[in-house]
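# Structural overview
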Amino acid sequence: MDASDAANGESASKLSLPLFTIDAFTENSFSGNPAAVCLLTCDKDLPEETMQKIAAEMNISETAYIKRLMPEDSFETSNRFGLRWFTPTNEVPLCGHATLASAAALFYCTKNPSDSITFDTLSGPLIVERQGDYVCMDLPLNKTEKEQGDSGELVKLVTGGLPVQDVHYSPNLKKLLVRLNDSLSMQQLKDLKPPLTQLVPTHNTGRIMGVCVTMKGTRENGCMDSNGEVYDFVSRYFSPWNGIPEDPVTGSAHTCLGSYWSNVLGKNKLYARQCSSRGGDVWVTVRDDGRVNVAGKATVVVKGTIYI
């Protein structure tokens, strides 16, 4: 250890691990949905308590941990790994954007040449593929049904009283899908400012854990990207029940949004925008086998080392 290491507080006795910050569902830094990705290069398993502390230290929505399954495996060449996700407060069974970010860390940071990576997770094996400039996740399709519950007051709060065309519910994800009237504009969706602190007290039975507010995209209502291509649908996602006032771009939400809009529009390939303040573009392909491909770009923002 040289003098500069000592001055910076580094120690030969500390464990050092590669750590990246990656913005998912975007090609531009400081947009999309950020995730921290840590490569567990250590020979022994990292204690859950330590993983939780790192996630709290990073203090972004998700920190992902990629683990080699066998001692001879390599982050640079292998195509199957273990993957876990931690919020700043707890471990979660599934996170879409942090899965995309994890694959991007292997593809872009370790230069892993594999076209497909399989992650063994608490939710089972997840396959992520490299498709040109995009990273594509193979996820379960979550169908929606017409909402029959007592969510009327919640819908009024989250939409600010804007006219609503349809309300659906995803029982698997416990997400409410609120479709705004086709007469409204994308700007009106962007301008929504729900009283987030009131949402949980309004509906606290545990049946609803997140609300997707969505609308059909047309040229007339301004739902276009910077190149003038029309989005099939746009959305925002609120989940204060999970400690997330608004999620910037949500992979899991598009597994039910894709199901709904595929039925409405009669097409299985969909181009979508989650129009939070950070925003991100999502490509959704609904398959015939009960699965859905959710794809997006990713950009590496930080490469570094964490010392434990």
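For the structure itself, consult the block above.
A short tour of the structure in this document, coming up. (Residues numbered from 1 in each chain as written. Predicted model: local features only at pLDDT ≥ 70, side-chain atom pairs only at ≥ 80, totals over all residues. Heavy atoms only, no water.)

## So, the nonpolar core
If you look at the biggest cluster of nonpolar residues, it comprises 49 residues, and the most contacted ones within it are Ile-22, Phe-25, Ile-66, Trp-85, Leu-106 and Phe-119. What Leu-106 contacts, discounting residues up to four positions off in sequence, is Leu-39, Ile-66, Phe-75, Phe-81, Lys-111, Asn-112, Ile-117 and Phe-119. Residues Leu-157, Val-211, Val-213 and Phe-238 belong to the second largest nonpolar core, which totals 25 residues. (Core = buried A, V, L, I, M, F, W, Y, C linked by side-chain atoms within 4.5 Å. Buried < 20%, exposed > 50% of the residue type's maximum accessible area, 1.4 Å probe, protein only. Contact = heavy atoms within 4.5 Å.)

## Brief notes about the environment of Cys-275
Inspection of the secondary structure assignment puts Cys-275 in the loop between strand E15 (269–274) and strand E16 (280–286). Overall, the relative accessible area of 3% leaves Cys-275 in the buried class. Each C-alpha atom of the pair Cys-275 and Arg-236 lies 5.9 Å from the other, and the pair is 39 residues apart in sequence. Non-local contacts of Cys-275, meaning those with residues more than four positions away in its chain, are made with Met-186, Leu-189, Lys-190, Val-234, Ser-235 and Arg-236. (Helix = DSSP H or I, 4+ residues; strand = E, 2+ residues; numbered from the N terminus.)

## Points about unusual backbone geometry
A positive phi angle, near 65°, is found at Phe-25, a position not held by glycine. Within the fold, Phe-25 resides in the loop between strand E1 (16–24) and strand E2 (33–40). A positive phi angle, near 55°, is found at Asn-59, a position not held by glycine. In this structure, Asn-59 sits in the loop between helix H2 (48–58) and strand E3 (63–68). Classification of Asn-59 by relative accessible area gives exposed; the value is 56%.

## What to know about the side chain of Arg-179
With respect to the helices, strands and loops of the structure, Arg-179 is situated in strand E11 (residues 175–180). A polar contact of 3.3 Å, which involves the side chain of Arg-179, links it to the side chain of Tyr-260. (Polar contact = N/O pair within 3.5 Å; in protein donor to acceptor, adjacent residues only side chain to side chain.)

## Some thoughts on H2
All buried positions along H2 are accounted for by Thr-50, Met-51, Gln-52, Ile-54 and Ala-55. Packed against the buried residues of H2 are E3, strand E4 (80–86), strand E5 (91–92) and strand E18 (298–307). Within two residues after H2, Asn-59 carries a phi angle of roughly 55°, on the positive side.

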